[in-house]
Amino acid sequence: MIITKVDAWEALDSRGHPTVAAQVVLEDGSDGVAMTPAGASAGSHEALELRDGGSRYGGRGVQSAVKNIRTVLAPLVVGCAAADVDTALAHADPSPSFRNLGANAILAVSLAAARADAAAHGVSLARHLAGESGALLLPMPMINILSGGAHAGGMLDVQDFLVIPVGATSFAEALEWAAAVRTAATRVALGRGHAQAVLVADEGGLGLPLETNRAALELLVDAIEVAGFTPGSQVAIAVDVAATQFCHEGVYRFARENRDMSAGELVAEIAEWCDDFPIVSVEDILAEDDWHGWRKATAALGERVELVGDDLFVTSPALLRRGIEARVGNSVLVKVNQNGLVSGAAEVMDAARAAGYRTVVSARSGETEDSWLADLAVGWRAGQIKVGSTHRSERTAKWNRLLQLEATEDTRFAGPWPNGRAEGKTA
Ligand code: PGA
Ligand code: ZN
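First, a word on what this report is: a plain description of the structure on this page. (Residues numbered from 1 in each chain as written. Chains lettered and ligands numbered in written order. Predicted model: local features only at pLDDT ≥ 70, side-chain atom pairs only at ≥ 80, totals over all residues. Heavy atoms only, no water.)

Another aspect to go through is the site of ligand 1. Neighbouring ligand 1 are 15 residues, the closest being Ala-40, His-151, Arg-364, Ser-365 and Lys-386. Take Glu-283: an N or O atom from its side chain is 3.2 Å from an oxygen atom of ligand 1. Take Lys-386: an N or O atom from its side chain is 2.7 Å from an oxygen atom of ligand 1. Isolated, ligand 1 exposes 280 Å² of accessible area, and the fraction of that covered by the protein chains is 100%. (Near = heavy atom within 4 Å. Polar contact = N/O pair within 3.5 Å; in protein donor to acceptor, adjacent residues only side chain to side chain. Areas by Shrake-Rupley, 256 points an atom, 1.4 Å probe, with all protein chains shown as cover.)

Encoded structure:
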């Protein structure tokens, strides 16, 4: 199916910052529209997000990326088959990290073309990505309950405290349990005098000025129990430490606790949390370039918990390969805008699977009402998805799309997790 038209415009994301939207139209009139997300705690090795600078939107405008789509990418991809669009896009900007045209420009077209192609075939994007006979797998959700770091004004040092409803037997049940915990967390926090518990952080979690990270874990366990679940066997805990954010020249600093730690000390601290709380997944336990520390962390904790690389791997096939060879981490976070191409992120999925690494498809802290991520998770059979909390419409857009896919497509659910642990193989 040949691409006949490509358009682009500047839209707004959930932080009120501009983001790139694109439309791809095919010869039969089918079309696809997609919007790109944006991170706040972005890794420095991510594909380039092109911003205009200057005074508009505090320098965050994306008119230059939009112009690149209209004037450079559109003339190149019009006339191409939708299925070949990623090859054409990669040729259009052969620079590392899409520095010439911007990964936000490239990705918007890549996603919109995939959507248009699915529409032309009369199938969902999830089905299109899975192939005609491929199984569709609903992911186990990881739901943000308490937020810190760059998503909540530094209220806590650790960025995300999440729950995984490991005992749930369907996606809908998993979401229902998570929503109950989120509601209970508000109640528990209000009961302890945290008036801020009625407000929401960037990803819809609670941003509370707790004294320590441990206090957040304690509150989370209380919320799980108040909601009526057994911590561990029914609802387990995940943390995204996002350690890059508080690492300066090799020193890890918990500002709220006024503590400086070496990589080894931070890993020892988190190992203690894993002893004391039902934690099954730890993301970005150390900073993006701390490969030495990561190797030790993997040796210490890799058999016990999921160790997810986000800033470490930045959805880059080359960095993931390096991690696999060096036995670093055992899971990869997949954020397509870190890569820039749908096919590039799919390559990371395949490489992870081949090496026995688990895969978590993830939204960004800056999102839109667009829900393509849900289809990617299901069609790619990622096994896990991280979208933020059960609050805020840019989050529920993805949850609601997953509920729709569960209701309308022939799917299987990636849970429950035996013994609270993800199966090694999710495909
Ligand atoms: P970001 O955070 O989208 O702000 O980078 C999400 C994450 O760290 O997982
Ligand atoms: Zn992260």
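Our next topic: the sheet that holds strand E14 (residues 358-362). Reading around the barrel, the eight strands line up as E5-E6-E7-E11-E12-E13-E14-E15 and close back on themselves, with mixed pairing between neighbours. Strand-to-strand twist of the sheet, defined as the mean angle between neighbouring strand axes without regard to direction, takes the value 25 degrees. The pairing of strand E11 (residues 279-283) with strand E12 (residues 306-309) spans three bridges and is parallel. Its bridge partner lying in E12, Val-282 is registered against Leu-307. Lying over the sheet, helix H5 (residues 171-191) contacts strand E5 (140-147) and strand E6 (160-164), oriented at roughly 10 degrees with respect to E5. Together, E5, E6, strand E7 (236-240) and E11 form the strand contacts of helix H6 (residues 213-226), whose direction differs from that of E6 by roughly 25 degrees. (Pairing = 2+ DSSP bridges. Helix = DSSP H or I, 4+ residues; strand = E, 2+ residues; numbered from the N terminus. Axes fitted to C-alpha atoms, helices over the stretch in contact; angles between N-to-C directions. Contact = heavy atoms within 4.5 Å.)

This part is about the pattern of salt bridges. Where charged atoms of side chains with opposite charge meet at close range, the side chains can pair. Applying the stated criterion across every chain yields a total of 24 salt bridges. With its nearest N and O atoms 3.1 Å apart, the salt bridge here joins Asp-240 to Lys-386. Of this pair, Asp-240 sits in strand E7 while Lys-386 sits in strand E15 (residues 383-388); the two residues are 146 residues apart in sequence, bridging distant segments of the chain. Lys-386 carries the same exposure label as Asp-240, and that label is buried. (Salt bridge = Lys/Arg side-chain N within 4 Å of Asp/Glu carboxyl O. Buried < 20%, exposed > 50% of the residue type's maximum accessible area, 1.4 Å probe, protein only.)

The relative placement of two packed helices comes down to the angle between their axes together with the axis-to-axis distance. The geometry of helix H1 (residues 63-77) relative to helix H3 (residues 103-120) is characterised by a closest axis approach of 8 Å and an angle of 60 degrees between their N-to-C directions. One element, H1, and the other, H3, form an angle in the oblique class. Between H1 and H3 lies a crossing whose hand is right-handed. Between H1 and H3, the contacting residues are Ala-65, Ile-69 and Leu-73 on the first element and Asn-104, Ala-105, Ile-106, Ala-108 and Val-109 on the second. The residue inventory of the contact of H1 with H3, partitioned by class, reads seven nonpolar, one polar and no charged. (Parallel < 35°, antiparallel > 145°, perpendicular 65-115°, else oblique. Left-handed = near helix turned anticlockwise from the far one by under 90°. Nonpolar A, V, L, I, M, F, W, Y, C, P; charged D, E, K, R; others polar.)

Don't take any of this as a statement about function, it's just geometry.
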